[in-house]
Amino acid sequence: DQQVKQNSPSLRVQEGRISILNCDYTNSMFDYFLWYKKYPAEGPTFLISISSIKDKNEDGRFTVFLNKSAKHLSLHIVPSQPGDSAVYFCAASGDDKIIFGKGTRLHILP
Amino acid sequence: DAGVTQSPTHLIKTRGQQVTLRCSPKSGHDTVSWYQQALGQGPQFIFQYYEEEERQRGNFPDRFSGHQFPNYSSELNVNALLLGDSALYLCASSGEGTSPYTQYFGPGTRLTVL
């Protein structure tokens, strides 16, 4: 039973355009949501987070949007750069545990 | 300032054997969590250690056990290895003054069980 779902295994975006990564969750008790970025042979790196009391959080080129009624969050990267090519994990936390999605591999095309 | 370090990088074992993986947290961090990442999956929480005690545990059998030392470093032990235990094992640390959710991950140990 997947509580955090990333339905797109991969995504290809032209350099300079917007990348939108999506994530759905099923548990209403989650109170904090995070995005991690992972390069090959490295551990995941924290990117950006959002509390369930907010609907938007922005940090430079990265913005996370949360739609609680739809149990959906998205990560926007604008503009996309070659170094953004990586696997992105959505994660949700509650009760001191973190549940990760399966990840979306983002390819930024030159 | 060294980040989270893990050893070994790679490990090959056979079914039924036992394995110990090691983790040193980021300087200043006192909480260590372990995750298993199978191929094509996201990291799955195994357990978390704080003040040398297991504080939280995910849905993993008792074959998975751990330990935290006074210097906050940690070990993950897996007994009676199964083929399905082949995965990347990630260690993450967090500490006072940082959100427990914004953990710092190590590069992982790749375990292959033959």
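Everything that follows concerns the structure shown earlier in this document.
Residues numbered from 1 in each chain as written. Chains lettered and ligands numbered in written order. Predicted model: local features only at pLDDT ≥ 70, side-chain atom pairs only at ≥ 80, totals over all residues. Heavy atoms only, no water.

1. What to know about a nonpolar patch on the surface
Residues and elements named next belong to chain A. How we decide: A residue counts toward a patch only above 30% relative accessible area and without a salt bridge, and it is joined to like-charged neighbours within 9 Å or, for Val, Leu, Ile, Met, Phe, Trp and Tyr, to nonpolar neighbours within 5 Å. Computed with the Shrake-Rupley method and a 1.4 Å probe, the accessible areas treat only the protein chains shown as cover for residues. When a carboxyl oxygen of Asp or Glu is within 4 Å of a side-chain nitrogen of Lys or Arg, the pair counts as a salt bridge. Per the convention used, a helix needs a DSSP run of H or I reaching at least four residues, while a strand needs a run of E reaching at least two, with both numbered from the N terminus. Burial classes: relative accessible area under 20% of the type maximum marks a residue as buried, over 50% as exposed, and values in between as partly exposed (1.4 Å probe, protein chains only).
A cluster of nonpolar side chains, contributed by Ile 18, Ile 20 and Val 78, occupies part of the molecular surface with about 230 Å² of accessible area. Mapped onto the fold, Ile 20 is located in strand 3 (residues 19-25). For Ile 20, a relative accessible area of 37% translates into the label partly exposed.

2. A short note on the interface of chain B and chain A
As a reminder of what qualifies: Contacts were defined at the residue level, with two residues in contact if any of their heavy atoms lie within 4.5 Å. Buried area is understood as the total, over both parts, of accessible area removed when two parts are fitted together, assessed with a 1.4 Å probe. Distance and chemistry together define a polar contact, namely a pair of N or O atoms within 3.5 Å, with one atom able to donate a hydrogen and the other to accept it when in protein, and with adjacent residues in sequence counting only for side-chain atoms on both sides.
If you look at the interface, chain B gives 17 residues, while chain A gives 19 residues. Summing both partners gives a buried area of about 1500 Å² for chain B against chain A, and 60% of it is carried by carbon and sulfur. Where chain B touches chain A, the interface holds zero salt bridges. Along the contact surface separating chain B from chain A lie one residue pair in polar contact (both at pLDDT 80 or more). Those elements that place two or more of their residues in the side of chain B that touches chain A are strand 4 (31-37), strand 6 (53-57) and strand 9 (87-94) of chain B.

3. Some remarks on the nonpolar core
All names here are of chain A. Note the cut-off: Only buried residues count toward a nonpolar core. Its members are Ala, Val, Leu, Ile, Met, Phe, Trp, Tyr and Cys residues joined through side-chain atoms within 4.5 Å.
Of all hydrophobic cores here, the largest spans 23 residues; its most connected members are Phe 33, Trp 35, Leu 73, Leu 75 and Tyr 88. When residues in this core are grouped by element, the largest group, four residues, is from strand 9 (residues 86-94). Among residues more than four places away in sequence, those in contact with Phe 33 are Tyr 25, Ile 48, Ser 49, Ile 50, Ser 52, Leu 66, Leu 73, Ala 91 and Ala 92.

4. Description of unusual backbone geometry
Omega for the bond connecting Val 78 of chain A with Pro 79 of chain A falls within 30 degrees of zero, at -10°, which places this linkage in the cis form. Here the residue pair Ser 7 of chain B and Pro 8 of chain B is connected by a cis peptide bond, since its omega of -10° sits within 30 degrees of zero. Looking at the element boundaries, Pro 8 of chain B is found in the loop between strand 1 (5-7) and strand 2 (10-13). Phi at Lys 71 of chain A is positive, roughly 50°, even though this residue is not glycine. Residue placement: Lys 71 of chain A occurs in the loop between strand 7 (62-67) and strand 8 (72-77). You will see that Tyr 72 of chain B, though not glycine, has its phi angle at about 80°, which is positive. Among the secondary structure elements, Tyr 72 of chain B is positioned in the loop between strand 7 (64-68) and strand 8 (74-78).

5. What about the sheet that holds strand 1 of chain B?
By definition, the strands of a sheet pair up through backbone hydrogen bonds, in either a parallel or an antiparallel sense. Residues and elements named next belong to chain B. Selection criterion: The pairing criterion is simple: DSSP has to find at least two bridges between the two strands. Every angle, taken between N-to-C directions, lies between 0 and 180 degrees, and every axis is a line fitted to C-alpha atoms, over only the stretch in contact when it is a helix.
Spatial ordering of the open sheet is given by 1-3-8-7, a layout of four strands whose pairing is antiparallel. Lying at the two open borders of the sheet, with one neighbouring strand each, are strand 1 and strand 7. Pairwise comparison of adjacent strand axes, ignoring direction, gives a mean angle of 20° for this sheet. Relative to strand 8, strand 7 runs antiparallel, the two being bridged by five bridges. From the neighbouring strand, Phe 64 faces strand 8, where its bridge partner is Val 78.

6. Digging into the packing of aromatic side chains
We apply this condition: Two rings from Phe, Tyr or Trp (for Trp, the six-membered ring) form a pair when their centres sit within 6.5 Å of each other. Planes less than 30 degrees apart are called stacked, planes more than 60 degrees apart edge-to-face, and all others tilted. Counted as over-ring charges are cases with an Arg CZ or a Lys NZ within 6 Å of the ring centre that also lie within 35 degrees of the ring normal.
Per the counting criterion, the structure on display carries 13 aromatic pairs over all chains. With centroids separated by 5.4 Å and ring planes inclined at 45°, the aromatic side chains of Tyr 36 of chain A and Phe 100 of chain A adopt a geometry described as tilted. Taken as a pair, Tyr 36 of chain A in strand 4 (residues 32-38) and Phe 100 of chain A in strand 10 (residues 97-100) lie far apart in primary sequence, 64 residues in all. The burial state of Tyr 36 of chain A is the same as that of Phe 100 of chain A; both residues are buried. Three or more aromatic residues joined by ring pairs form one cluster here, namely Tyr 36, Phe 46, Phe 89 and Phe 100 of chain A together with Tyr 35, Phe 45 and Phe 105 of chain B. In this structure, Lys 26 of chain B packs its charged tip against the face of Tyr 104 of chain B, placed 5.1 Å from the ring centre. The ring of Tyr 50 of chain B carries Arg 55 of chain B above its face, with NZ or CZ at 4.6 Å from the centroid.

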